[in-house]
Amino acid sequence: MTTAQTQELDVQPTPLALLLLGREADPRSERGVECPGDLPAPSDPDLVERARAAKEKLGSKVFVLGHHYQRDEVIQFADVTGDSFKLAREAAARPEAEYIVFCGVHFMAESADILTSDDQKVVLPDLAAGCSMADMATAEQVAECWDVLTEAGIAEQVVPVSYMNSSADIKAFTGKHGGTICTSSNAKRALDWAFEQGEPRQNKVLFLPDQHLGRNTAVRDMGMSLDDCVVYNPHKPNGGLTADELRAAKMILWRGHCSVHGRFSLDSVNDVRERIPGVNVLVHPECKHEVVAAADYVGSTEYIIKALEAAPAGSKWAIGTELNLVRRLANRFAPEGKEIVFLDKTVCFCSTMNRIDLPHLVWALESLAEGNLVNRIEVDQETEAFAKLALERMLALP
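Residues numbered from 1 in each chain as written. Predicted model: local features only at pLDDT ≥ 70, side-chain atom pairs only at ≥ 80, totals over all residues. Heavy atoms only, no water.

Looking now at the overall build of the protein. In terms of regular secondary structure, the protein is built from 18 helices and 14 strands. For the protein, the proportion of its 398 residues judged to be buried stands at 57%. Within the protein, counting contacts between residues at least 6 apart in sequence, those at least 24 apart form 68% of the total. For the protein, the exposed area adds up to about 17800 Å²; of that, 48% sits on carbon and sulfur atoms. (Helix = DSSP H or I, 4+ residues; strand = E, 2+ residues; numbered from the N terminus. Buried < 20%, exposed > 50% of the residue type's maximum accessible area, 1.4 Å probe, protein only. Contact = heavy atoms within 4.5 Å. Areas by Shrake-Rupley, 256 points an atom, 1.4 Å probe, with all protein chains shown as cover.)

Moving on, we come to the sheet that holds strand β6 (residues 180-182). What the five strands build is an open sheet, ordered β6-β5-β7-β9-β8; its pairing is parallel. Bordering the open sheet on either side are β6 and β8 (229-232), each of which pairs with just one other strand. Mean inter-strand twist for the sheet, computed between neighbouring axes without regard to direction, equals 25°. Along the sheet, helix α11 (residues 211-221) contacts β5 (158-163), β6, β7 (204-208), β8 and β9 (251-254); its crossing angle with β9, the most-contacted strand, is approximately 155°. (Pairing = 2+ DSSP bridges. Axes fitted to C-alpha atoms, helices over the stretch in contact; angles between N-to-C directions.)

The first and last C-alpha atoms of helix α8 (residues 139-151) sit 19 Å apart over 13 residues, in line with the 18 Å expected at 1.5 Å per residue. Listed as buried for α8 are A139, Q141, V142, C145, W146, V148 and L149. The elements touched by buried residues of α8 are β5, α9 (168-176), β7, β8, α12 (243-248) and β9. Two residues or fewer past α8, G153 is found with a positive phi of approximately 80°. (Expected span 1.5 Å × (residues − 1).)

Relative to the helices and strands, C145 resides in helix α8. Exposure remark for C145: the relative accessible area of 0% places this residue in the buried category. Residues C145 and G239 lie 94 residues apart in sequence; the distance between their C-alpha atoms is 7.2 Å. Ignoring any residue separated from it by four or fewer positions in sequence, one finds C145 in contact with L206, Y232 and W254.

Considering the arrangement of structural elements, one finds T346 in the loop between β13 (339-342) and α17 (358-369). Distance in space between the C-alpha atoms of T346 and R263 is 9.4 Å, their sequence separation being 83 residues.

Our next topic: the side chain of H212. Within the element layout of this structure, H212 appears in helix α11. Here H212 falls in the buried class, since its relative accessible area comes to 10%. For H212, the residues in contact, after removing those within four places along its chain, are H257, P285, E286, C287, K288 and H289.

Burial of strand β10 (residues 280-283) is two-sided: the residues N280 and L282 facing one way and the residues V281 and V283 facing the other way are all buried. Judged from the four bridges that link them, β10 and strand β12 (residues 316-320) form a sheet pairing that is parallel. Each bridged residue has a counterpart across the sheet, and for V281 the counterpart in β12 is A318. The sheet contact formed by β10 and strand β11 (residues 297-298) spans two bridges and is parallel. Bridge assignment links L282 to a residue of β11, and that residue is Y297.

Take the pattern of salt bridges next. With the rule as written, the count across this model stands at 17 salt bridges. One network of salt bridges, in which partners are shared, links D44, R50 and E366. (Salt bridge = Lys/Arg side-chain N within 4 Å of Asp/Glu carboxyl O.)

With 112 residues, the main nonpolar core has V101, F207, M251, V283, L308, I340 and L365 as its most contacted residues. Considering each element in turn, this core owes the most residues, eight residues, to α17. In this structure, C145, A152, A249 and W254 belong to the second largest nonpolar core, which totals 21 residues. (Core = buried A, V, L, I, M, F, W, Y, C linked by side-chain atoms within 4.5 Å.)

The four strands lie next to each other as β11-β10-β12-β13, forming an open sheet whose pairing is parallel. Here the strands that pair on one side only, and so sit at the sheet edges, are β11 and β13. Across the sheet, helix α16 (residues 323-333) touches β12 and β13, and the angle it forms with β13 is around 165°.

This next bit is on the packing of helix α10 (residues 187-196) against α11. It is the contact of α10 with α11, at a shortest axis distance of 10 Å, that shows an interaxial angle of 80°. Classified by the interaxial angle, the pair formed by α10 and α11 is roughly perpendicular. Contact residues: α10 offers A187, K188 and L191, while α11 offers L213, T217, A218 and D221. Residues belonging to the contact of α10 with α11 are distributed by class as follows: four nonpolar, one polar and two charged. (Parallel < 35°, antiparallel > 145°, perpendicular 65-115°, else oblique. Nonpolar A, V, L, I, M, F, W, Y, C, P; charged D, E, K, R; others polar.)

Glancing now at empty space enclosed by the protein. Using the criterion set out here, one finds one cavity of 30 Å³ or more in the structure. By volume, the largest cavity amounts to about 340 Å³. Forming the boundary of the largest cavity are 28 residues, of which H67, Y69, M108, N165 and E286 lie nearest the centre. Elements supplying a minimum of two residues to the lining of the largest cavity: α5 (84-92), α6 (106-115) and α7 (132-135). Partitioning the lining of the largest cavity into residue classes produces 13 nonpolar, 13 polar and two charged. (1 Å grid on protein atoms, 1.4 Å probe; cavity = no way out; pocket = protein on both sides within 12 Å on 5 of 7 lines; lining within 4 Å. Points joined across faces, edges and corners; volume = space filled by probe spheres on them.)

This part covers the side chain of S367. Within the secondary structure, S367 is located in helix α17. By relative accessible area, S367 is classed as buried at 9%. S367 has contacts with N372 and V374, leaving out every residue within four places of it along the chain.

Right, let's get into the pairing of strand β1 (residues 62-67). Of all six residues in β1, six are buried, a share of seventy percent or more. Of the pairings in the sheet, the one linking β1 to strand β3 (residues 99-103) comprises five bridges and is parallel in character. In the strand pairing of β3, F63 is matched with I100. Examined bridge by bridge, β1 and strand β2 (residues 80-82) share three bridges and lie parallel to one another. Considered in β2, the bridge of G66 is made with T81.

Printed below as a string of structure tokens:
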């Protein structure tokens, strides 16, 4: 059907269709919208020089953060690289920087805005750089879940623990209900803290939004059984659980996952062991439980990097995490004779993280250099206050 025929029929696209096309925004979702302004052509041979010139013109007024999963073309302009929480803290430690350009995804930029001063402005080069995992738990869904827990008579026993990879709304919910935030490296400490609150041995945890990190931490690191965990599905009545199942559970896991780490399978592990005798399998705890159980080593992004730094020359590694990082590590450690391969045979980039490309970064930097503030990420005061409370509880963990 042609555009003219569509207009004659007065067919109007639905809000959901516009959202999926990137032409509308859901303010309570991690999905983004088209960026205003004209981007440089991705084939422009001068992009690197333009980025360098704009950054130099801004000087100390700008601080560029680059997440480990970013493309090399973007990482080269980062003042600091790291995981999401490290970068947010680095931003807060640079009060002299008027602009924080966050080369990551939306929830990361929100965390940076929460932790930085009101005078600092956080910029996301492409507003469409969201996070599918963070999208899997909306404020409305979590509020409904709390009502279900209340009706089951257990809400007072439940302590929410939310992964850093969540929206500001979910972090605020967590802070408002006495919970804390965790990262993939301190999830056990956060869960230990949560179970120590209130009456001993009576607490339960609502873990948001990544079921795999919650399950792996509870079972692998804390000695719980799989039977101690139930999965709350926000798309089913009462989460698909009975009141008795909720009462019996220690860990109530939100039905969410990382679209990158969720792709790795037990077959991936078995296959790489056949192809590369003596290989060490190292995976992120966002992977499925059976993958984590079959791996030799499990840890956060920072753990993965440090493990490879300490690995002996000539060792072989299959890494289960985002492909940009794996390739970067493979190139970095190749001169030391370390063989590093991607765990799966199929390409597995983080598609939303890859939205931050060199044209978007150049556009953002040049706009700021010309005095035009673009793509600012700003969390409202009430949400910020409760989200910051949850983050501060994490910072106070022993």
